[in-house]
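Observations on the model geometry
Single-letter residue listing:
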Amino acid sequence: MYAATDPRAALNKEPAKAPTPTAFQPSEYARFYDTPPGESGATAKTWYVRGQNMIVVYTQAKAGAVLERSDQIDEYVLLIPGAEAAARVEANGETKSIGGTTITMIPPGPSRVTVEKDGEIVRLFTTRSADLCARTPNNAAYGKGDPNVPGFQAWPGPKDGFKIRSYSLDVPKEAGRFGRIFRCSTIMVNYLEPGQGPRDIRKLSPHHHDDFEQYSLALSGTYRHHLRWPWTPDGTIWREDEHAVCDAPSVAIIPPPAIHTS
């Protein structure tokens, strides 16, 4: 399913055969640029979208904006993609100043993100945060749950306890590495290298996941997401191919086991 030069081609040479699906969850596309924010104030405009196990919260923030969680149930992720943006994070008795082009893991419990320099702020939560699920305009789409995604289960917590942990996204390129992967106890993020111009259509990477979703967050440029669902013996659940164009900012939520490439 991958080009021979794609490092993912070396993974899972003989994956276990997944059971044949009996139902499919539709994809979700959140085009924040084309929809009104869920919340809007003098210093911040915020959009929400959810999948089965994760919530994406995207904010266009000005200095002085405060993004607060009073009783967060589990660890979450803060992305500050812009180099000029900055914030102050308070959690678990710590206070840290966080610059731009960073990813930060924030502990469970009360926390506060105070924006110190204008920019985009992205937060990633699990759907265990019921109050945030209720703010997503597509919450009803997951009323019955995705039949092909197992229930959420966190990874083990850090050995030395929960802390504010921040990492630069400005990591030097390395041959054979696909993106830059960061993980906490709840969420894994693969932050891809920026590309210029259209992708070579002779070197696409159509693939699928048996039992987990992919959230494709676009912060710049334009993407065309191609999705194809497998045919099963039950033709009543077959779905048409999708070729969805999404500008930035946007999120495409790709459910398993749809074959996809962008």
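Conventions we followed
Residues numbered from 1 in each chain as written. Predicted model: local features only at pLDDT ≥ 70, side-chain atom pairs only at ≥ 80, totals over all residues. Heavy atoms only, no water. Helix = DSSP H or I, 4+ residues; strand = E, 2+ residues; numbered from the N terminus. Rg over C-alpha atoms; globule rule 2.2 N^0.38 Å. Buried < 20%, exposed > 50% of the residue type's maximum accessible area, 1.4 Å probe, protein only. Contact = heavy atoms within 4.5 Å. Areas by Shrake-Rupley, 256 points an atom, 1.4 Å probe, with all protein chains shown as cover. Lys, Arg positive; Asp, Glu negative; His and termini not counted. Charge placed at Lys NZ, Arg CZ, Asp CG, Glu CD. Pairing = 2+ DSSP bridges. Axes fitted to C-alpha atoms, helices over the stretch in contact; angles between N-to-C directions.

So, the overall build of the chain
Looking only at helices and strands, the chain has one helix and 19 strands in total. Relative to the compact-globule value of 18 Å for 262 residues, the chain shows a C-alpha radius of gyration of 19 Å, a close match. Principal-axis analysis of the C-alpha atoms places the extent of the chain at approximately 55 × 40 × 40 Å. Per-residue burial for the chain yields a buried fraction of 42% across its 262 residues. Long-range pairs, those at least 24 residues apart, make up 74% of the contacts in the chain between residues at least 6 apart in sequence. Total accessible area on the chain is roughly 14,400 Å²; 52% of this is exposed by carbon and sulfur atoms. With 29 positive and 30 negative side-chain charges, the chain shows a spacing of 2 Å between the two charge centroids.

Quick look at the environment of Thr 101
Along the chain, Thr 101 turns up in the loop between strand S8 (94-98) and strand S9 (102-106). For Thr 101 and Thr 127, which are 26 residues apart along the polypeptide, the C-alpha to C-alpha distance reads 25 Å. Setting aside anything within four residues of it in sequence, one finds Thr 101 in contact with Ile 80, Pro 81, Gly 82, Ala 83, Tyr 167, Ser 168, Leu 169 and Asp 170.

A look at the sheet that holds strand S18 (residues 250-254)
Taking strand neighbours across the sheet as the criterion, the three strands line up as S1-S18-S15 in an open arrangement whose pairing is antiparallel. Of all the strands in the sheet, the pair left with one neighbour each is strand S1 (28-31) and strand S15 (214-218). Each neighbouring strand pair of the sheet contributes to a mean axis angle of 10°, computed without reference to strand direction. Two strands pair when backbone bridges link them, and S15 and S18 are joined in this way by five bridges, in the antiparallel orientation. Note that in S18 the partner of Ser 216 across the bridge is Ala 252.

Digging into the pairing of strand S7 (residues 86-91)
In terms of strand pairing, S7 meets strand S10 (residues 109-117) through six bridges, oriented antiparallel. Residue pairing for S10: Val 89 is matched across the bridge by Val 113. Pairing analysis gives five bridges linking S7 to S8, with the strands arranged antiparallel. Within the sheet, the bridge partner assigned to Ala 87 lies in S8 and is Ile 98. Linking two consecutive strands that pair antiparallel, namely S7 and S8, is a turn of two residues; a positive phi of about 55° is found at Asn 92 within it.

Comments concerning the sheet that holds strand S17 (residues 242-247)
With respect to topology, three strands assemble into an open sheet ordered S17-S16-S19, the strand pairing being antiparallel. Single-partner strands in this sheet number two, and they are S17 and strand S19 (259-261). Mean inter-strand twist for the sheet, computed between neighbouring axes without regard to direction, equals 20°. Alignment of strand S16 (residues 222-228) against S17, held across six bridges, turns out to be antiparallel. In the strand pairing of S17, Tyr 223 is matched with Cys 246.

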